[in-house]
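So the chains spell out like this:
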Amino acid sequence: MAAGALPVLAIPLYVLGVLPMNLAALLVIPLMVAKAVLIKRGSPEGRWAGRGMVAGLVAVTAYDGLRLPMAYLTDAWPDFIPRLGGWILATDSGNVPVGYLWRYIGDGGGIAVAFFVFCGALMNYWPSLIRRRPVILAVGYGVFIWLGLIATVLLLPRGEEMLFAPTASIVVLSLLGHLIYGAVLGLFLSRFLRHTDTAQHAEVTTARRTLPTQPTSSDRPTVTSTTPEHK
């Protein structure tokens, strides 16, 4: 969860002047490596994290399907992701590859990993909360992330200057993008829950079929008397 949450938390910390982005990158890289190792090991938490990473990459791609045309075709939503790449490299000029690598692997995939791992933990204590409305739960999570973004822009002293001006169109479009992101996460979560239930049902059924049964009368061996006959 730390590996998933830190990349997105690093942005408001940088805007506040608390944590330089290049230092945040040095902290994120070993956490990302540790996350990859845990996913590779195939533990229950690792499976949740792996599903979250895939879901997050698909979700952020769907989000950018809305954002990028608005940024480069209509200029209604300026693209600040290259600027993020410059922060990571500690340069005044933007960097598109580094910025988008951070956006996809760090932000888009990372916050999805944090969400999925948290859901996996809640399944041990409150499974009905996750199972009842997984899509709505994930959409709510997307709105929660959006509120954090808007709070960073509006409430932090240099938020608007460093990120973007919160015009009405950008606020609406960013909310729509986060709704898309959350909905995709919810669809993946719902599918993962169904897959898990099917696998558990198949495992229980197989175990029942392989249990030893009570021997029937035809299965019992015939006992032959070895007592010698008396004349």
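In the block above lies the structure referred to throughout.
Residues numbered from 1 in each chain as written. Predicted model: local features only at pLDDT ≥ 70, side-chain atom pairs only at ≥ 80, totals over all residues. Heavy atoms only, no water.

**Comments concerning the side chain of His178**
Then, number 1: If you trace the backbone, His178 turns up in helix 9 (residues 168-209).
Then, number 2: With residues near it in sequence (within four places) discarded, His178 still touches Tyr63, Gly142, Ile145, Trp146 and Leu149. (Helix = DSSP H or I, 4+ residues; strand = E, 2+ residues; numbered from the N terminus. Contact = heavy atoms within 4.5 Å.)

**A look at a nonpolar patch on the surface**
Then, number 1: Residues Leu23, Leu26 and Leu27 make up a contiguous nonpolar surface patch of about 280 Å² in total accessible area.
Then, number 2: Along the chain, Leu27 falls in helix 2 (residues 21-41). (Patch = residues over 30% accessible without salt bridge, like charges linked within 9 Å, V, L, I, M, F, W, Y side chains within 5 Å. Areas by Shrake-Rupley, 256 points an atom, 1.4 Å probe, with all protein chains shown as cover. Salt bridge = Lys/Arg side-chain N within 4 Å of Asp/Glu carboxyl O.)

**As for the packing of helix 2 against helix 4 (residues 81-88)**
Then, number 1: At a minimum axis distance of 7 Å, the contact between helix 2 and helix 4 shows a crossing angle of 80°. Considered as vectors, helix 2 and helix 4 are oriented roughly perpendicular to each other. For the pair formed by helix 2 and helix 4, the contact residues are Met21, Asn22 and Ala25 on the first element and Leu84, Trp87 and Ile88 on the second. (Axes fitted to C-alpha atoms, helices over the stretch in contact; angles between N-to-C directions. Parallel < 35°, antiparallel > 145°, perpendicular 65-115°, else oblique.)

**Some remarks on the layout of surface pockets**
Then, number 1: Space inside the largest pocket adds up to approximately 650 Å³.
Then, number 2: In terms of lining residues, the largest pocket is bounded by 27 residues, among which Val8, Ile111, Ile145, Leu149 and His178 are the most central.
Then, number 3: Of all the secondary structure elements, the ones that give two or more residues to the lining of the largest pocket are helix 1 (2-16), helix 3 (44-72), helix 4, helix 5 (96-122), helix 7 (134-155) and helix 9.
Then, number 4: Top contributing element to the lining of the largest pocket by residue count: helix 7, with six residues. (1 Å grid on protein atoms, 1.4 Å probe; cavity = no way out; pocket = protein on both sides within 12 Å on 5 of 7 lines; lining within 4 Å. Points joined across faces, edges and corners; volume = space filled by probe spheres on them.)

**Some remarks on the side chain of Asp107**
Then, number 1: Considering the arrangement of structural elements, one finds Asp107 in helix 5.
Then, number 2: Notably, Asp107 is buried but unbridged: the nearest opposite-charge side chain belongs to Arg103, and the N-O separation is 5.6 Å.
Then, number 3: Engagement of the side chain of Asp107 in a polar contact is seen with the backbone nitrogen of Val8, the distance being 3.3 Å.
Then, number 4: Not counting the four nearest positions on each side in its chain, Asp107 is found in contact with Pro7, Val8, Ile11, Leu84, Trp102 and Tyr181. (Buried < 20%, exposed > 50% of the residue type's maximum accessible area, 1.4 Å probe, protein only. Lys, Arg positive; Asp, Glu negative; His and termini not counted. Polar contact = N/O pair within 3.5 Å; in protein donor to acceptor, adjacent residues only side chain to side chain.)

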